[in-house]
Amino acid sequence: MRAIQITQTGGAEVLVPRELPTPTPGPGEALVQIEACGVNFIDIYLREGRYASPLPFIPGQEAAGVVLALGPDAASVKVGDRVAWCGVPGTYAQFAVAPVARLIAVPDGITTRQAAAAMLQGMTAHYLSHSTYAIQNGDAVLIHAGAGGVGLLLIQMAKRQGARVFATVSTDEKAALARAAGADETIIYTREDFAARVREFTGGAGVPVVYDSVGKTTFDGSIACLHPRGILVLYGASSGAVPPFDLIQLSTRGSLYVTRPTLKDYTATREELERRAGDVLRWVADGRLKLRLEHSYPLADAAQAHRDLEGRKTTGKALLIP
Ligand code: NDP
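Residues numbered from 1 in each chain as written. Predicted model: local features only at pLDDT ≥ 70, side-chain atom pairs only at ≥ 80, totals over all residues. Heavy atoms only, no water.

Our focus in this paragraph is the sheet that holds strand 13 (residues 257–259). Pairing is parallel in the open sheet, where six strands are placed in the order 10-9-8-11-12-13. For this open sheet the edge positions go to strand 10 (185–188) and strand 13, each flanked by a neighbour on one side alone. Ignoring strand direction, the axes of neighbouring strands in this sheet form an average angle of 15°. As defined by bridge partners, strand 12 (residues 226–234) adjoins strand 13 across three bridges and the pair is classed as parallel. What sits directly across from Leu-232, in strand 13, is Val-258. (Pairing = 2+ DSSP bridges. Helix = DSSP H or I, 4+ residues; strand = E, 2+ residues; numbered from the N terminus. Axes fitted to C-alpha atoms, helices over the stretch in contact; angles between N-to-C directions.)

This next bit is on the environment of Ala-118. Along the chain, Ala-118 falls in helix 2 (residues 112–132). Taking the C-alpha atoms as reference, Ala-118 lies 9.3 Å from Ala-84; in sequence the two are 34 residues apart. For Ala-118, the residues in contact, after removing those within four places along its chain, are Glu-62, Met-123, Val-280, Leu-281, Val-284 and Leu-291. (Contact = heavy atoms within 4.5 Å.)

With that out of the way, let us pick up helix 5 (residues 194–201). Turning to helix 5, its buried residues number three or more, namely Phe-194, Ala-195, Val-198 and Phe-201. The buried residues of helix 5 occupy an angular sector of 120° when projected down its axis, which confines them to one face. The elements touched by buried residues of helix 5 are strand 8 (140–143), strand 9 (164–169), strand 10, strand 11 (207–212) and helix 6 (219–225). Where helix 5 begins, one side-chain oxygen reaches toward the backbone nitrogen of Ala-195, 3.1 Å away; that side chain belongs to Asp-193. (Buried < 20%, exposed > 50% of the residue type's maximum accessible area, 1.4 Å probe, protein only. Arc of directions from axis to C-beta. Polar contact = N/O pair within 3.5 Å; in protein donor to acceptor, adjacent residues only side chain to side chain.)

This part takes up the pattern of salt bridges. Taken as a whole and assessed by the stated rule, the structure comprises 15 salt bridges. Two residues, Glu-310 and Arg-47, come together in a salt bridge whose shortest N-O distance is 3.1 Å. Taken as a pair, Glu-310 in helix 10 (residues 302–310) and Arg-47 in helix 1 (residues 41–48) lie far apart in primary sequence, 263 residues in all. Across the pair Arg-50 and Glu-48 runs a salt bridge, and its minimum N-O distance is 3.0 Å. Taking the relative accessible area as the measure of exposure, Glu-48 reaches 33% and is therefore partly exposed. A single network of salt bridges, built from pairs that share partners, joins Glu-271, Glu-272, Arg-275 and Arg-276. (Salt bridge = Lys/Arg side-chain N within 4 Å of Asp/Glu carboxyl O.)

Quick look at the pairing of strand 3 (residues 29–39) now. Looking along a regular strand, one sees the side chains alternate between the two faces of the sheet. Where burial is concerned, most of strand 3 is hidden: eight out of the 11 residues are buried. In this structure, strand 3 lies alongside strand 6 (residues 95–99), joined through five bridges in antiparallel fashion. What sits directly across from Ala-30, in strand 6, is Ala-98. Sheet topology places strand 3 next to strand 15 (residues 318–321); three bridges connect them, and they run antiparallel. The partner of Gly-38 across the bridge, within strand 15, is Leu-319.

In the vicinity of the ligand there are 28 residues, among which Tyr-127, Ser-170, Lys-174, Tyr-189 and Arg-312 approach most closely. In this structure, an oxygen atom belonging to the ligand sits 3.0 Å away from a side-chain N or O atom of Gln-121. Contributing elements (two or more residues each) for the shell around the ligand: helix 1, helix 2, helix 3 (149–160) and helix 10. The biggest single contributor to the shell around the ligand is helix 2, with four residues. The residue inventory of the shell around the ligand, partitioned by class, reads 14 nonpolar, 10 polar and four charged. (Near = heavy atom within 4 Å. Nonpolar A, V, L, I, M, F, W, Y, C, P; charged D, E, K, R; others polar.)

Domain assignment breaks the protein chain into domain 1 (2–120 + 267–321) and domain 2 (137–260). Relative to domain 2, the C-alpha centre of domain 1 lies at a distance of 28 Å. Taken together, the 15 residues of domain 1 in the interface contact 19 residues of domain 2. With both chains or domains summed, domain 1 and domain 2 bury close to 1,300 Å², and 54% of this area falls on carbon and sulfur atoms. Of all the elements in the fold, those that place two or more residues in the side of domain 1 that touches domain 2 are helix 1 and helix 9 (270–285). (Domains from an automatic or database assignment. Buried area = accessible area lost by both parts, 1.4 Å probe.)

For the pair helix 2 and helix 3, the least separation of the axes is 9 Å and the interaxial angle reads 45°. Put simply, helix 2 runs oblique to helix 3. Classified by chirality, the crossing of helix 3 by helix 2 is right-handed. Across the interface between the two elements, Gln-121, Gly-122, Thr-124, Ala-125, His-126, Leu-128, Ser-129 and His-130 of helix 2 pack against Gly-149, Val-150, Leu-153, Leu-154 and Met-157 of helix 3. Of the residues belonging to the contact of helix 2 with helix 3, the class tally is six nonpolar, seven polar and no charged. (Parallel < 35°, antiparallel > 145°, perpendicular 65-115°, else oblique. Left-handed = near helix turned anticlockwise from the far one by under 90°.)

Attention now moves to unusual backbone geometry. Looking along the chain, the bond that leaves Leu-55 and enters Pro-56 is cis, with omega of -10°. Among the structural elements, Pro-56 can be located in the loop between helix 1 and strand 4 (62–70).

Shown next, in the form of C-alpha coordinates:
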(Lines give C-alpha, C1' and ligand atoms only; values in the text may rest on other atoms or scores of the structure.)
Protein backbone atom coordinates (compact mmCIF):
# COMPACT_ATOMS: atom_id res chain seq x y z
CA MET A 1 0.00 0.00 0.00
CA ARG A 2 0.99 3.64 -0.36
CA ALA A 3 1.76 5.30 2.97
CA ILE A 4 3.79 8.07 4.52
CA GLN A 5 6.52 6.76 6.78
CA ILE A 6 8.73 8.68 9.20
CA THR A 7 12.13 7.07 9.76
CA GLN A 8 13.60 10.08 11.59
CA THR A 9 11.95 13.03 13.31
CA GLY A 10 12.37 16.54 11.95
CA GLY A 11 10.85 19.05 9.54
CA ALA A 12 8.11 18.39 7.01
CA GLU A 13 10.67 16.79 4.65
CA VAL A 14 10.70 13.64 6.83
CA LEU A 15 7.17 12.83 5.58
CA VAL A 16 8.25 10.48 2.79
CA PRO A 17 5.81 8.44 0.63
CA ARG A 18 6.68 4.72 0.48
CA GLU A 19 5.27 1.32 -0.56
CA LEU A 20 4.65 -0.68 2.63
CA PRO A 21 2.92 -3.99 3.36
CA THR A 22 -0.83 -3.71 3.96
CA PRO A 23 -1.45 -4.48 7.66
CA THR A 24 -3.44 -7.52 8.82
CA PRO A 25 -6.18 -7.07 11.42
CA GLY A 26 -5.51 -8.85 14.71
CA PRO A 27 -8.03 -9.82 17.41
CA GLY A 28 -10.64 -7.10 17.91
CA GLU A 29 -9.37 -5.14 14.90
CA ALA A 30 -10.70 -4.12 11.49
CA LEU A 31 -8.80 -3.39 8.28
CA VAL A 32 -10.16 -0.19 6.73
CA GLN A 33 -9.65 1.25 3.26
CA ILE A 34 -9.08 4.91 4.05
CA GLU A 35 -11.00 7.45 1.97
CA ALA A 36 -9.90 10.56 3.87
CA CYS A 37 -7.44 11.17 6.61
CA GLY A 38 -7.35 14.17 8.96
CA VAL A 39 -4.25 16.28 9.46
CA ASN A 40 -3.91 17.55 13.02
CA PHE A 41 -1.43 19.58 14.98
CA ILE A 42 -0.52 16.53 17.07
CA ASP A 43 0.89 15.00 13.86
CA ILE A 44 3.38 17.89 13.80
CA TYR A 45 4.40 17.38 17.45
CA LEU A 46 5.04 13.67 16.72
CA ARG A 47 6.86 14.40 13.45
CA GLU A 48 9.16 16.86 15.24
CA GLY A 49 9.78 14.48 18.13
CA ARG A 50 8.17 16.90 20.63
CA TYR A 51 5.95 13.92 21.50
CA ALA A 52 7.85 10.62 21.44
CA SER A 53 6.96 7.69 19.15
CA PRO A 54 9.11 4.64 18.33
CA LEU A 55 10.64 4.86 14.81
CA PRO A 56 9.78 4.16 12.06
CA PHE A 57 6.08 5.03 12.15
CA ILE A 58 3.18 5.94 9.88
CA PRO A 59 1.87 9.29 11.14
CA GLY A 60 -1.74 10.41 11.42
CA GLN A 61 -4.44 9.39 13.87
CA GLU A 62 -7.76 10.30 12.28
CA ALA A 63 -9.51 8.81 9.25
CA ALA A 64 -12.69 7.48 7.72
CA GLY A 65 -13.29 4.78 5.13
CA VAL A 66 -14.81 1.37 4.45
CA VAL A 67 -14.22 -1.85 6.42
CA LEU A 68 -12.45 -4.42 4.21
CA ALA A 69 -11.68 -7.28 6.61
CA LEU A 70 -12.05 -8.26 10.25
CA GLY A 71 -9.80 -10.05 12.70
CA PRO A 72 -11.18 -12.51 15.28
CA ASP A 73 -13.60 -11.11 17.91
CA ALA A 74 -14.45 -8.02 15.88
CA ALA A 75 -18.14 -8.64 15.24
CA SER A 76 -19.34 -5.17 16.22
CA VAL A 77 -18.71 -3.97 12.63
CA LYS A 78 -19.24 -5.64 9.23
CA VAL A 79 -17.27 -5.68 6.01
CA GLY A 80 -18.56 -2.79 3.90
CA ASP A 81 -19.48 -0.54 6.87
CA ARG A 82 -18.46 3.10 6.63
CA VAL A 83 -16.50 3.98 9.76
CA ALA A 84 -14.50 6.84 11.23
CA TRP A 85 -12.04 6.99 14.12
CA CYS A 86 -9.33 8.99 15.78
CA GLY A 87 -6.63 8.51 18.37
CA VAL A 88 -5.22 5.39 16.69
CA PRO A 89 -1.83 5.97 15.01
CA GLY A 90 -1.06 5.05 11.40
CA THR A 91 -3.64 6.76 9.20
CA TYR A 92 -1.45 8.52 6.57
CA ALA A 93 -1.96 5.46 4.35
CA GLN A 94 -4.31 3.72 1.94
CA PHE A 95 -5.20 1.12 4.58
CA ALA A 96 -5.00 0.95 8.37
CA VAL A 97 -6.03 -1.38 11.14
CA ALA A 98 -7.93 -0.01 14.12
CA PRO A 99 -9.59 -1.60 17.17
CA VAL A 100 -13.31 -1.97 16.47
CA ALA A 101 -13.89 -0.52 19.95
CA ARG A 102 -12.64 2.85 18.61
CA LEU A 103 -14.66 2.81 15.36
CA ILE A 104 -17.77 4.94 14.93
CA ALA A 105 -20.34 4.21 12.22
CA VAL A 106 -20.59 7.08 9.73
CA PRO A 107 -24.29 8.00 9.61
CA ASP A 108 -26.24 8.37 6.36
CA GLY A 109 -26.19 11.90 5.07
CA ILE A 110 -22.54 12.62 5.67
CA THR A 111 -19.54 11.73 3.55
CA THR A 112 -16.45 9.94 4.78
CA ARG A 113 -14.53 13.17 4.09
CA GLN A 114 -16.84 15.05 6.44
CA ALA A 115 -16.53 12.30 9.05
CA ALA A 116 -12.74 12.29 8.85
CA ALA A 117 -12.78 16.07 9.23
CA ALA A 118 -15.13 16.11 12.19
CA MET A 119 -13.94 13.38 14.53
CA LEU A 120 -10.85 14.71 16.29
CA GLN A 121 -11.41 18.45 16.18
CA GLY A 122 -15.19 18.12 16.62
CA MET A 123 -14.96 15.90 19.70
CA THR A 124 -12.27 18.23 21.06
CA ALA A 125 -14.54 21.24 20.68
CA HIS A 126 -17.32 19.15 22.25
CA TYR A 127 -15.46 18.19 25.42
CA LEU A 128 -13.91 21.66 25.81
CA SER A 129 -17.30 23.41 25.65
CA HIS A 130 -19.46 20.79 27.39
CA SER A 131 -17.19 19.14 29.95
CA THR A 132 -13.87 20.85 30.73
CA TYR A 133 -15.79 24.07 31.24
CA ALA A 134 -19.49 23.60 30.56
CA ILE A 135 -20.44 26.90 28.94
CA GLN A 136 -23.56 28.50 30.42
CA ASN A 137 -26.00 30.78 28.66
CA GLY A 138 -24.65 34.35 28.88
CA ASP A 139 -20.98 33.41 29.55
CA ALA A 140 -18.36 35.51 27.78
CA VAL A 141 -15.62 33.20 26.45
CA LEU A 142 -12.30 33.79 24.70
CA ILE A 143 -11.23 31.34 21.99
CA HIS A 144 -7.74 31.61 20.51
CA ALA A 145 -6.97 30.65 16.89
CA GLY A 146 -10.64 31.08 16.08
CA ALA A 147 -10.28 30.30 12.37
CA GLY A 148 -8.39 27.05 12.97
CA GLY A 149 -9.74 23.53 12.82
CA VAL A 150 -10.82 23.31 16.46
CA GLY A 151 -11.43 27.06 16.66
CA LEU A 152 -14.22 27.29 14.06
CA LEU A 153 -16.04 24.33 15.62
CA LEU A 154 -15.60 25.59 19.17
CA ILE A 155 -17.01 29.01 18.24
CA GLN A 156 -20.11 27.35 16.77
CA MET A 157 -20.67 25.15 19.83
CA ALA A 158 -20.08 28.03 22.27
CA LYS A 159 -22.63 30.16 20.41
CA ARG A 160 -25.20 27.35 20.52
CA GLN A 161 -24.71 27.20 24.28
CA GLY A 162 -25.54 30.90 24.52
CA ALA A 163 -22.06 32.38 24.92
CA ARG A 164 -20.80 35.78 23.91
CA VAL A 165 -17.70 34.75 21.96
CA PHE A 166 -14.44 36.66 21.54
CA ALA A 167 -11.99 35.05 19.10
CA THR A 168 -8.36 35.82 18.32
CA VAL A 169 -6.92 35.35 14.82
CA SER A 170 -3.82 36.53 12.95
CA THR A 171 -5.36 38.13 9.84
CA ASP A 172 -8.43 40.02 8.66
CA GLU A 173 -9.40 37.10 6.39
CA LYS A 174 -9.37 34.76 9.38
CA ALA A 175 -11.37 37.30 11.40
CA ALA A 176 -14.09 37.19 8.74
CA LEU A 177 -14.24 33.39 8.99
CA ALA A 178 -14.45 33.48 12.79
CA ARG A 179 -17.28 36.02 12.61
CA ALA A 180 -19.09 33.90 10.00
CA ALA A 181 -18.87 30.98 12.46
CA GLY A 182 -20.58 33.17 15.06
CA ALA A 183 -17.87 35.09 16.94
CA ASP A 184 -19.27 38.33 18.36
CA GLU A 185 -15.89 40.08 18.49
CA THR A 186 -12.60 39.24 16.80
CA ILE A 187 -9.16 40.39 17.87
CA ILE A 188 -6.14 40.38 15.57
CA TYR A 189 -3.70 39.25 18.25
CA THR A 190 -0.67 39.76 16.01
CA ARG A 191 -1.26 43.52 16.23
CA GLU A 192 -3.60 44.11 19.18
CA ASP A 193 -3.21 43.45 22.93
CA PHE A 194 -5.87 40.78 23.24
CA ALA A 195 -6.05 40.91 27.06
CA ALA A 196 -6.72 44.66 26.96
CA ARG A 197 -9.40 44.15 24.30
CA VAL A 198 -11.13 41.46 26.38
CA ARG A 199 -11.16 43.78 29.39
CA GLU A 200 -12.72 46.49 27.18
CA PHE A 201 -15.38 44.12 25.84
CA THR A 202 -16.32 43.02 29.37
CA GLY A 203 -16.29 46.44 31.02
CA GLY A 204 -13.15 45.46 32.93
CA ALA A 205 -14.61 42.28 34.39
CA GLY A 206 -12.76 39.62 32.39
CA VAL A 207 -14.08 36.24 31.30
CA PRO A 208 -14.76 33.01 33.20
CA VAL A 209 -12.94 30.84 30.63
CA VAL A 210 -10.18 31.11 28.03
CA TYR A 211 -9.66 28.30 25.53
CA ASP A 212 -5.97 28.53 24.61
CA SER A 213 -4.41 26.21 22.02
CA VAL A 214 -1.57 28.58 21.13
CA GLY A 215 0.44 28.24 24.35
CA LYS A 216 3.79 29.95 24.59
CA THR A 217 2.87 33.30 23.02
CA THR A 218 -0.60 33.64 24.57
CA PHE A 219 -0.43 32.02 28.02
CA ASP A 220 0.36 35.15 30.07
CA GLY A 221 -2.24 37.22 28.24
CA SER A 222 -4.81 34.48 28.67
CA ILE A 223 -4.28 34.49 32.45
CA ALA A 224 -4.77 38.27 32.37
CA CYS A 225 -8.21 37.86 30.69
CA LEU A 226 -9.77 35.81 33.51
CA HIS A 227 -12.03 37.06 36.22
CA PRO A 228 -11.60 35.67 39.77
CA ARG A 229 -12.02 31.87 39.89
CA GLY A 230 -11.86 31.75 36.09
CA ILE A 231 -10.29 28.83 34.26
CA LEU A 232 -7.59 28.77 31.59
CA VAL A 233 -8.09 25.70 29.42
CA LEU A 234 -4.68 25.20 27.86
CA TYR A 235 -5.34 22.49 25.28
CA GLY A 236 -2.48 22.96 22.80
CA ALA A 237 0.88 24.54 22.09
CA SER A 238 0.80 25.65 18.44
CA SER A 239 3.36 28.40 19.16
CA GLY A 240 5.47 26.25 21.49
CA ALA A 241 5.37 24.90 25.03
CA VAL A 242 4.52 27.22 27.91
CA PRO A 243 7.60 27.82 30.09
CA PRO A 244 7.53 26.89 33.80
CA PHE A 245 4.91 28.90 35.71
CA ASP A 246 4.86 29.91 39.38
CA LEU A 247 1.60 28.56 40.80
CA ILE A 248 1.39 31.39 43.34
CA GLN A 249 0.18 33.56 40.45
CA LEU A 250 -3.06 31.57 40.42
CA SER A 251 -3.67 32.86 43.93
CA THR A 252 -2.55 36.45 43.52
CA ARG A 253 -4.49 36.88 40.29
CA GLY A 254 -7.82 35.72 41.69
CA SER A 255 -7.93 32.04 42.74
CA LEU A 256 -7.63 30.95 39.12
CA TYR A 257 -7.59 27.46 37.62
CA VAL A 258 -5.43 26.07 34.80
CA THR A 259 -6.08 22.70 33.17
CA ARG A 260 -4.21 20.90 30.38
CA PRO A 261 -6.83 18.49 29.00
CA THR A 262 -6.51 15.93 26.23
CA LEU A 263 -9.16 14.24 24.07
CA LYS A 264 -8.06 10.73 25.08
CA ASP A 265 -9.26 11.30 28.65
CA TYR A 266 -12.61 12.65 27.46
CA THR A 267 -13.32 9.66 25.18
CA ALA A 268 -11.86 6.99 27.43
CA THR A 269 -14.96 4.78 27.59
CA ARG A 270 -17.03 3.46 24.68
CA GLU A 271 -20.07 5.25 26.12
CA GLU A 272 -18.32 8.65 26.18
CA LEU A 273 -16.78 8.13 22.72
CA GLU A 274 -20.18 7.23 21.24
CA ARG A 275 -21.91 10.15 22.93
CA ARG A 276 -19.44 12.78 21.74
CA ALA A 277 -18.96 11.34 18.24
CA GLY A 278 -22.72 10.81 17.95
CA ASP A 279 -23.44 14.45 18.79
CA VAL A 280 -20.76 15.79 16.45
CA LEU A 281 -21.68 13.63 13.44
CA ARG A 282 -25.40 14.25 13.95
CA TRP A 283 -24.84 18.01 14.09
CA VAL A 284 -22.80 17.82 10.88
CA ALA A 285 -25.51 15.75 9.20
CA ASP A 286 -28.35 18.11 10.18
CA GLY A 287 -26.37 21.26 9.37
CA ARG A 288 -26.03 22.56 12.93
CA LEU A 289 -22.24 22.21 12.73
CA LYS A 290 -20.55 23.55 9.61
CA LEU A 291 -17.22 22.11 8.55
CA ARG A 292 -14.73 24.11 6.53
CA LEU A 293 -13.05 21.72 4.07
CA GLU A 294 -10.93 24.02 1.93
CA HIS A 295 -7.64 22.15 2.21
CA SER A 296 -7.43 18.65 0.66
CA TYR A 297 -4.10 17.22 -0.46
CA PRO A 298 -3.12 13.96 -2.16
CA LEU A 299 -1.51 11.63 0.40
CA ALA A 300 1.88 12.08 -1.27
CA ASP A 301 1.70 15.83 -0.46
CA ALA A 302 1.56 15.29 3.31
CA ALA A 303 4.70 17.42 3.70
CA GLN A 304 2.96 20.38 2.06
CA ALA A 305 -0.08 19.90 4.29
CA HIS A 306 2.20 20.10 7.35
CA ARG A 307 3.98 23.18 6.02
CA ASP A 308 0.64 24.90 5.50
CA LEU A 309 -0.72 23.92 8.93
CA GLU A 310 2.38 24.98 10.87
CA GLY A 311 2.77 28.06 8.63
CA ARG A 312 -0.69 29.32 9.73
CA LYS A 313 -1.95 29.06 6.14
CA THR A 314 -4.86 26.69 6.71
CA THR A 315 -8.30 27.54 8.03
CA GLY A 316 -10.69 24.85 9.22
CA LYS A 317 -9.72 21.27 8.39
CA ALA A 318 -6.83 19.90 6.34
CA LEU A 319 -7.38 16.42 4.80
CA LEU A 320 -5.16 13.92 2.98
CA ILE A 321 -6.80 11.83 0.28
CA PRO A 322 -5.05 8.46 -0.37
P1 NDP B 1 -5.30 24.93 13.83
O2 NDP B 1 -6.07 24.79 12.58
O3 NDP B 1 -5.93 25.69 14.97
O4 NDP B 1 -3.90 25.54 13.48
C5 NDP B 1 -3.12 26.17 14.45
C6 NDP B 1 -3.43 27.68 14.49
O7 NDP B 1 -2.77 28.20 15.65
C8 NDP B 1 -2.88 28.44 13.32
O9 NDP B 1 -3.72 28.45 12.19
C10 NDP B 1 -2.70 29.82 13.91
O11 NDP B 1 -3.90 30.58 13.79
C12 NDP B 1 -2.47 29.55 15.42
N13 NDP B 1 -1.10 29.86 15.79
C14 NDP B 1 -0.72 30.84 16.65
N15 NDP B 1 0.60 30.90 16.76
C16 NDP B 1 1.10 29.95 15.94
C17 NDP B 1 2.43 29.56 15.61
N18 NDP B 1 3.51 30.16 16.15
N19 NDP B 1 2.59 28.56 14.73
C20 NDP B 1 1.53 27.95 14.19
N21 NDP B 1 0.25 28.28 14.46
C22 NDP B 1 0.02 29.28 15.33
O23 NDP B 1 -4.88 23.49 14.35
P24 NDP B 1 -5.78 22.33 14.99
O25 NDP B 1 -7.19 22.74 14.98
O26 NDP B 1 -5.38 21.05 14.38
O27 NDP B 1 -5.27 22.32 16.46
C28 NDP B 1 -5.36 23.49 17.26
C29 NDP B 1 -4.65 23.26 18.56
O30 NDP B 1 -5.44 22.41 19.37
C31 NDP B 1 -3.26 22.64 18.46
O32 NDP B 1 -2.43 23.29 19.41
C33 NDP B 1 -3.51 21.21 18.89
O34 NDP B 1 -2.40 20.63 19.47
C35 NDP B 1 -4.63 21.39 19.88
N36 NDP B 1 -5.46 20.21 20.06
C37 NDP B 1 -5.55 19.69 21.30
C38 NDP B 1 -6.35 18.63 21.56
C39 NDP B 1 -6.52 18.16 22.96
O40 NDP B 1 -7.34 17.30 23.24
N41 NDP B 1 -5.76 18.70 23.90
C42 NDP B 1 -7.07 17.93 20.48
C43 NDP B 1 -6.98 18.60 19.20
C44 NDP B 1 -6.17 19.69 19.00
P45 NDP B 1 -3.73 32.17 13.62
O46 NDP B 1 -2.98 32.35 12.34
O47 NDP B 1 -5.11 32.72 13.59
O48 NDP B 1 -2.93 32.62 14.81
